[in-house]
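Structure at a glance
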Amino acid sequence: MEYIARNYEIVKQRMIDQMEISLGFGKSLLDTELDAGVFNIVVKPIVKSFYKYWSDKDAKVGTLEQIRVTLDTAKTIVLNGKMPQEVYDKLINKKFLIYLENDQTDRQCNKNHKNYQKLKDITKKCFITQVEESMLFLSVREEVTDYNQLSRITFNNDKSKAYQALKRQLDYNEAGIEIVEQDNSILKVPTGRNIIVSVLRKGFELTKQKLIEDLESIFN
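The structure reproduced in this document is the subject of the present report. (Residues numbered from 1 in each chain as written. Predicted model: local features only at pLDDT ≥ 70, side-chain atom pairs only at ≥ 80, totals over all residues. Heavy atoms only, no water.)

Some remarks on the overall build of the protein
Basically, it comes down to this: By definition, any uninterrupted DSSP run of H or I lasting at least four residues is a helix, any uninterrupted run of E lasting at least two residues is a strand, and each is numbered from the N terminus. The rule is simple: take the accessible area with a 1.4 Å probe, protein chains only, and divide by the maximum for that residue type; under 20% is buried, over 50% is exposed, in between is partly exposed. Here a residue-residue contact requires only that any non-hydrogen atoms of the pair lie within 4.5 Å.
A count of helical and extended segments in the protein gives eight helices and zero strands. Along the protein, helices (α) and strands (β) appear in the sequence α-α-α-α-α-α-α-α when read from the amino end. Relative to its 220 residues, the protein shows a buried fraction of 45%. Considering only contacts in the protein between residues 6 or more positions apart, those separated by 24 or more positions represent 78%.

Some remarks on the environment of Cys109
Looking at the secondary structure, you find Cys109 in the loop between α4 (104-107) and α5 (116-138). Cys109 sits in the buried class, given a relative accessible area of 1%. In this view, Cys109 contacts Tyr116, Leu119, Ile186, Leu187 and Lys188; residues no more than four positions away in its chain are not counted.

Let's talk about the layout of surface pockets
Under the convention used in this document: Here a cavity means grid points, on a 1 Å grid over the protein atoms only, where a 1.4 Å probe fits yet cannot get out; a pocket means an open set of points with protein on both sides within 12 Å along at least five of seven lines; lining residues are those with an atom within 4 Å of a point. Grid points are joined across faces, edges and corners, and a volume is the space filled by probe spheres set on the points. Basically, the charged four are Asp, Glu, Lys and Arg, the nonpolar ten are Ala, Val, Leu, Ile, Met, Phe, Trp, Tyr, Cys and Pro, and anything else, Gly included, counts as polar.
In this structure, the largest pocket encloses a volume near 170 Å³. Forming the walls of the largest pocket are Ile77, Gly81, Lys82, Met83, Pro84, Gln85, Tyr88, Glu132 and Met135. Residues of the lining of the largest pocket, tallied by class, amount to five nonpolar, two polar and two charged.

Here we look at the environment of Val140
Structurally, Val140 is set in the loop between α5 and α6 (147-154). As a C-alpha pair, Val140 and Arg6 span 134 residues in sequence and 9.8 Å in three-dimensional space. Setting aside chain neighbours within four positions, we find Val140 in contact with Tyr3, Arg6, Asn7, Leu150, Ile153 and Thr154.

Here's the deal with the side chain of Thr154
Basically, it comes down to this: For this analysis, a polar contact is any N or O atom pair within 3.5 Å, provided that within protein one partner can donate a hydrogen and the other can accept it, and provided that sequence-adjacent residues contribute only side-chain to side-chain pairs.
Positionally, Thr154 belongs in helix α6. You can call Thr154 buried: its relative accessible area is 14%. Within polar-contact distance, the side chain of Thr154 engages the backbone oxygen of Leu150 at 2.7 Å.

And the structure:
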């Protein structure tokens, strides 16, 4: 089915573009946080080197794998059509393990922390919503050449439907950040936890604003 392969590539590139924007926000925010704060010559390099390793290796490579597993899972479901609930659940549970292994926040968390299971549960819900939305995109048969066209057809030119789908994902992401904010000892980072959490929050807010602006542009 050529339309599925076409839509797969369109959505994949869109997700990669969003990843690059988010990582760019993170790098810029970290520089601002470090320059504004009072940090000695020992702490600054540690935090910056941690973030560089995280963004260059963990976040980028991990997010690319999350994109792949999300779209592959959605593609499998679309190609197989209606499947029994137990088969669907088994597929989701299996693929989620790969998704979780590549989650940049999960990689930096203490798995024995009292709040870890809550964070894991939210991450799974986020994964499921991403798969479900990807299924909608992959199922579009009409002729499209770019993401904007694909998005309008997916949501029947209804901006409110598109916004609700986006809001669902944003709400899960925010819930995850709130768990880390409530007790940042869940992070395994050696130093500068407050800075990392602040960058996560501000980066999320900037990404959220950009996604909403993009949605407005697509549907206006």
